[in-house]
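Spelled out, the chains give:
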Amino acid sequence: MTTRAGERGRRESEVGDDRGSEILSRLRADRRRDRCVTHVERVPARAGTAVDWPEWADPLLLGRLRSAGVTAPWSHQAAAAGAAFAGRSVVLATGTASGKSLGYLLPVLTTLLADPSARALYLAPTKALAHDQLRAVRSLALTAVRAASYDGDTPAGEREWVRAHATFVLTNPDMLHRGILPGHRRFGPFLRGLRYVVIDECHGYRGVFGAHVAQVLRRLRRVCARYGSDPVFVLASATVADPGVAAARLTGLDVDVVDEDGSPRGATDFVLYEPPLFLTAGRRQPDAAAGGRLAAAGPGPGGAGRLTGAGKLAGVAGVAGVAGAVGMAGVAGVAGRGASVGGDHPTRAGAGGGVATAAEGTEGDDGPGAGENGAPVRRSATAESADLLADLVADGVRTLVFVRSRRAAEVVANSARRALGLVAPELGERVAAYRAGYLAEERRDLEARLRSGDLLGVAATSALELGVDISGLDATVIAGYPGTLASLRQQAGRAGRSGQGALAVLVARDDPLDTYLVHHPEAVFGRPVEATVFDPDNPYVLGPQLECAAAELPITESDLELFGAASRPVLDDLVRRGRLRRRPAGWYWTQRGRPDVDIRGVGGPPVRIVESGTGRLLGTVDAATSHSTVHPGAVYLHQGVSFVVEELDLEESVAFVVHAAPDWTTTARDHTDIRIVGQTRARVVDRDLAVYFGTVEVTSQVVGYQRRLITTGEVLGDVPLDLPPRHLRTRGVWYVVSDRLLEDAGVEPADVPGAVHAAEHAAIGLLPLFATCDRWDIGGVSTALHPDTEQTTVFVYDGHPGGAGFAERGYGRFGTWLTATRDAVSACECPAGCPSCVQSPKCGNGNEPLDKAAAVRLLTTILGRLDGP
């Protein structure tokens, strides 16, 4: 059997060895690498607590489990299974590799074996995880359980068989939203017999995506009720704060909570690691030359190396030349894609490629990439992680590197292969990348090679974070903080999944949050994980979801309790806009076609990127970010090939590009205004300081872009653009300070813009420590004199229409948030500001003005006035 690790193999309590410590000792033998280690946390081994199988469990199923080596369940598995079998919805929130899947498979499979009419639905956030669970179920050889996947990879002919015959359907929220619920009549027999809905990795449903999934699940419950079923929901989650509250918000149901982990765990050495700082920006990174023990000599990427000693490589970068180039991808243009003076605007690249600005190439992996205006810069986390992967694989250590973009996965794997090829070509063939975008056959092949041990090293995006069954890994390297402690622990826990000791390394990006964490280990190891943040009542989510619900079945008065109190005013608005029609029997969908709703975002249809000469579709970007990423003249990268945007057709939502290889990158410049629409909550500290939360309207307009040489970062010029403004009504937190407080802080009037701008950037970088968001999900504006407050004001707002709950979490933890912000900036070793403290990769004003010292004084004075969190 190949169920998720933790249910397979030994069930005895003896666990752990010193494997992680042995690997770490070899790495720290390199003095340069040893200096980069800021902290080592020894996570001790833990014995497991096994219990008896429940009496109700099917004997055939128990026999198959015992044959697979699962001799008894752990205590948390039995507790969750018992609650579900008794008809109570339950959330199982325990650590990585704790065997959560047995907690739901036990009641689900027992019920399916006992009742031929029973059905079960499994939802996973990724196809890889759903297919892994399908493989686990099929390995049990239970002929009465007809399990099948139903997703975008499922052939049309097979879909018909699934609808008619499958008893256990494994899919994802997207297919539930777009395929199953709109076609519920074809799924009638399945929905009529639906007894269980399993929601795996439910901690990943946060922000706007989480709000959409919450409403999709309410639509599922409503449709099931029409077919006479009332399924039990079983949720599996990583360890998170308040799992019961999050699960109840996601499903709309009361749920039992099982969060006492009874599984064994091997010892783990968890390393916090900060790459070295360089004092010169815009030049080839010298320490890329130092690389690791596998460094190649020679000019530039992949230069000819020379063997020294016992077959190792020394000298100037080989890994370095390649991986180092990744680290400098942003040198050409740090400013990022979208804020006005004193602004920091949320933005994301779309699928399939990226914009060749500083943030592209390392967006989500290495943050800014280099300092503006001669500021110091660290070697990138991507380059350092490529070196670590090469060295670990050379030592026979099975290693998984987590990165945050598809491109970085390819670059890390290629860099490691190139370095290993100079020493041991046969090892280079045992390193690969794993990311979204591959064909289904390619993904399955990589997963099989990883499970079998044929692959020694893999660079992966979060697709492999979510529980795909891989045993025998020795080490994980995490290239940059993944955004939440839940994800960090999930990724670190992928090594040592069979109970053996392991090594985990968090390599810090050049980013305020990463810098703070590697110097404050108590923020990583000494506090509980974050609460999952999402708002199902967001009208920009609830409106489209109610349209979908009405298109499936007319909405009745009795449905309003299911969708929440906010649904009635939203329905009234939809009627007013002609989207729905009110009848005595309920609300009806009025349009001919179905609503087109993207549950992974809001803000309009994506902009397609099309090659002019061939008509080939290269990728897409979100409508909200298209102005700053695919404006006319922008450089766009697709699978390592560069293109230049010829035309952005906003009416047709398409950007036309031509193949080109310019030696410059582009950085959008925009102007941002923010208006306070209304205050929801207020905290007036004294007459000099007040903090607010409420609704704001952000108006941003891309006014031009800057071109910079890739090699030196030299500014080639500014090009004006004439694009229409974009408007975003969302939620924000803001604080207002008086001139007297600024005077008490020693901030001169001329220094106020730089002080508040630096404080705003750093606060945005640290908010993900307290809310389950990424800095790219939020934006900010700072001003020495705001017209609505008539005082100095700093805003941080959610980058999604209607808000996503992130700014509200910042308001609730304001004192703690600003304390971490002040500490991160003051602890940074740079003299006047760098990407590790106050520079932002997405500042539309080129990170000017910024005054690090004045920001520290201002934040310290504000904190002195606060008397609580």
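Participant: Could you give an account of the overall build of the protein, naming the residues involved and the relevant values?
Facilitator: Of the regular secondary structure elements, the protein holds 28 helices and 33 strands. Here the contacts in the protein between residues at least 6 apart in sequence split such that 76% fall between residues at least 24 apart. Surface exposure of the protein reaches about 29800 Å², of which carbon and sulfur atoms provide 50%.

Participant: Tell me about helix α10 (residues 207–226), residues and numbers included.
Facilitator: Compared with the 28 Å implied by 1.5 Å per residue over 20 residues, the 30 Å span of α10 between its first and last C-alpha is a close match. Summarising burial for α10: 17 of the 20 residues are buried, a large majority. One or two residues past the end of α10 sits Gly 228, with phi positive at roughly 85°.

Participant: Go over the sheet that holds strand β4 (residues 147–149), please, and point to the residues and values.
Facilitator: Spatial strand order, β4-β5-β3-β6-β7-β2-β8: 7 strands in an open sheet with parallel pairing. In the strand order of this sheet, the two ends are held by β4 and β8 (256–258), each with one partner. Averaged over all pairs of adjacent strands, the angle between strand axes in this sheet comes to 15°, irrespective of strand direction. Two elements, strand β6 (residues 194–199) and strand β7 (residues 232–237), share 4 bridges in a ladder whose sense is parallel. Following the sheet pairing, Val 197 is matched in β7 by Phe 233. Against the sheet, helix α6 (residues 127–139) contacts β3 (119–123), β4 and β5 (168–171), and its axis sits at roughly 160° relative to β4. Against the sheet, helix α8 (residues 173–180) engages β3 and β5, with an angle of about 120° to β3.

Participant: Summarise the nonpolar core; cite the residues concerned and give the values.
Facilitator: Judged by nonpolar contacts, the single largest core of 86 residues is most densely connected at Tyr 735, Trp 817 and Ile 862. Per element, the largest residue contribution to this core is 9 residues, and it comes from helix α25 (residues 752–766). With sequence-adjacent residues up to four places away left out, Tyr 735 is seen in contact with Ala 690, Val 691, Ala 759, Thr 792, Thr 793, Val 794, Phe 814, Leu 859 and Ile 862. Membership of the second largest hydrophobic core comes to 40 residues, among which are Ala 81, Val 90, Ala 124 and Tyr 196.

Participant: Pulling in residues and values, what's your account of the sheet that holds strand β17 (residues 431–434)?
Facilitator: On the basis of which strands lie adjacent, the open sheet formed by 7 strands has the order β1-β9-β20-β19-β16-β18-β17 and mixed pairing. Of all the strands in the sheet, the pair left with one neighbour each is β1 (37–43) and β17. Adjacent strand axes in the sheet meet at a mean angle of 15° when their direction is disregarded. When strand β16 (residues 399–402) meets strand β18 (residues 457–460), the two strands line up parallel, connected through 4 bridges. Pairing of Val 401 across the sheet is with Ala 459, part of β18. The sheet contacts of helix α17 (residues 485–492) involve β9 (268–273), β16, β19 (475–479) and β20 (502–507), and relative to β19 the element is tilted by about 145°.

Participant: I'd like a rundown of the environment of Ala 68, residues and numbers included.
Facilitator: Within the element layout of this structure, Ala 68 appears in the loop between α3 (59–67) and α4 (75–85). Residue class for Ala 68 comes out buried when judged on its relative accessible area of 16%. Separated by 72 residues in the primary sequence, Ala 68 and Leu 140 have C-alpha atoms spaced 8.3 Å apart.

Participant: I'd love a proper account of the packing of helix α13 (residues 381–394) against helix α14 (residues 406–421), names of residues and values included.
Facilitator: At a closest axis distance of 9 Å, the pairing of α13 and α14 adopts a crossing angle of 45°. With respect to α14, the element α13 is oriented oblique. The chirality of how α13 crosses α14 is right-handed. When α13 is examined against α14, the residues Thr 382, Ala 386, Leu 389, Ala 390, Val 393 and Ala 394 are found in contact with a partner set consisting of Ala 408, Val 412, Ser 415, Ala 416, Ala 419 and Leu 420. Classifying every residue of the contact of α13 with α14 gives 10 nonpolar, 2 polar and no charged.

Participant: Give a detailed account of the environment of Phe 534, specifying residues and quantitative values.
Facilitator: With respect to the helices and strands, the residue Phe 534 is situated in the loop between α19 (522–525) and α20 (539–552). Considered as a pair, Phe 534 and Gly 805 are 271 residues apart in the sequence and their alpha carbons are 5.6 Å apart. Discounting chain neighbours no more than four positions away, the residues touching Phe 534 are Tyr 205, Arg 206, Gly 207, Gly 210, Ala 211, Ala 214, Ala 246, Arg 249, Leu 250 and Ala 804.

Participant: Describe the packing of α3 against helix α5 (residues 100–114), and please don't skip the residues or the numbers.
Facilitator: Where α3 contacts α5, the axes come no closer than 9 Å and their chain directions differ by 140°. Overall, the two elements α3 and α5 adopt an arrangement that is oblique. Across the interface between the two elements, Leu 61, Leu 62 and Leu 65 from α3 touch Leu 102, Leu 105, Leu 106, Leu 109, Thr 110 and Leu 113 from α5. Here the residues of the contact of α3 with α5 sort into 8 nonpolar, 1 polar and no charged.

Participant: Any details on the pattern of salt bridges? Residues and values, ideally.
Facilitator: Oppositely charged side chains can form a pair if their charged atoms are brought close together. This model, assessed by the stated rule, comprises 35 salt bridges. Across the salt bridge formed by Arg 195 and Asp 115, the nearest N and O atoms sit 3.4 Å from each other. A residue pair is termed long-range when its members are at least 10 positions apart, and Arg 195 in strand β6 and Asp 115 in the loop between α5 and β3 qualify at 80 residues. Asp 688 is the salt-bridge partner of Arg 740, the closest N and O atoms lying 3.1 Å from each other. Pair noted here: Arg 740 is in helix α24 (residues 739–744) and Asp 688 is in the loop between β28 (664–686) and β29 (689–709), with a separation of 52 residues, a long-range link. For Asp 688, a relative accessible area of 6% translates into the label buried. Among the charged side chains, a network of salt bridges with common partners joins Asp 686, Asp 688, Arg 740, Asp 744 and Arg 865.

Participant: How would you summarise the side chain of Glu 274 if you had to cite specific residues and measurements?
Facilitator: Here Glu 274 shows up in the loop between β9 and β10 (277–278). Judged by relative accessible area, Glu 274 falls into the buried class, the value being 8%. Among the polar contacts made by the side chain of Glu 274, one reaches the side chain of His 519 at a distance of 2.8 Å. Among residues more than four places away in sequence, those in contact with Glu 274 are Cys 36, Thr 38, Arg 378, Ala 508, Thr 515, Val 518, His 519 and Glu 829.

Participant: Can you tell me about unusual backbone geometry, naming the residues and giving the values?
Facilitator: A cis amide bond, omega -10°, links Glu 848 with the succeeding residue Pro 849. Looking at the element boundaries, Pro 849 is found in the loop between α27 (814–827) and α28 (852–865). Unusually for a residue other than glycine, Ala 141 sits at a positive phi of about 55°. Looking at where Ala 141 falls in the secondary structure, it is placed in the loop between α6 and β4. Phi at Glu 201 is positive, roughly 50°, even though this residue is not glycine. Relative to the helices and strands, Glu 201 is located in the loop between β6 and α10.

Participant: Let's hear about the packing of aromatic side chains: which residues, and what values?
Facilitator: This model, assessed by the stated rule, comprises 11 aromatic pairs. Seen in terms of ring centroids, Tyr 104 and Tyr 122 are 6.0 Å apart; in terms of plane orientation they differ by 50°. Their pairing is tilted. With Tyr 104 in helix α5 and Tyr 122 in strand β3, the pair connects residues that are 18 residues apart, well separated along the chain. By the burial criterion, Tyr 104 is buried, and Tyr 122 matches it. Above the ring of Tyr 150, the side-chain terminus of Arg 159 is found at 5.7 Å from the ring centroid. Note that Arg 582 overlies the ring of Trp 587, its terminal NZ or CZ placed 3.9 Å from the centroid.

Participant: With reference to specific residues and values, describe the environment of Ala 211.
Facilitator: Mapped onto the fold, Ala 211 is located in helix α10. Under the relative-accessibility criterion, Ala 211 is labelled buried at 2%. Ala 211 sits 334 residues away from Gln 545 along the chain, and the two C-alpha atoms are 9.9 Å apart. With near-sequence residues (within four places) excluded, Ala 211 lies in contact with Phe 534, Asp 535, Pro 536 and Val 541.

Cut-off values and rules
- Residues numbered from 1 in each chain as written.
- Predicted model: local features only at pLDDT ≥ 70, side-chain atom pairs only at ≥ 80, totals over all residues.
- Heavy atoms only, no water.
- Helix = DSSP H or I, 4+ residues; strand = E, 2+ residues; numbered from the N terminus.
- Contact = heavy atoms within 4.5 Å.
- Areas by Shrake-Rupley, 256 points an atom, 1.4 Å probe, with all protein chains shown as cover.
- Expected span 1.5 Å × (residues − 1).
- Buried < 20%, exposed > 50% of the residue type's maximum accessible area, 1.4 Å probe, protein only.
- Pairing = 2+ DSSP bridges.
- Axes fitted to C-alpha atoms, helices over the stretch in contact; angles between N-to-C directions.
- Core = buried A, V, L, I, M, F, W, Y, C linked by side-chain atoms within 4.5 Å.
- Parallel < 35°, antiparallel > 145°, perpendicular 65-115°, else oblique.
- Left-handed = near helix turned anticlockwise from the far one by under 90°.
- Nonpolar A, V, L, I, M, F, W, Y, C, P; charged D, E, K, R; others polar.
- Salt bridge = Lys/Arg side-chain N within 4 Å of Asp/Glu carboxyl O.
- Polar contact = N/O pair within 3.5 Å; in protein donor to acceptor, adjacent residues only side chain to side chain.
- Phe/Tyr/Trp six-rings, centres within 6.5 Å; stacked < 30°, edge-to-face > 60°.
- Lys NZ or Arg CZ within 6 Å of the ring centre and 35° of its normal.

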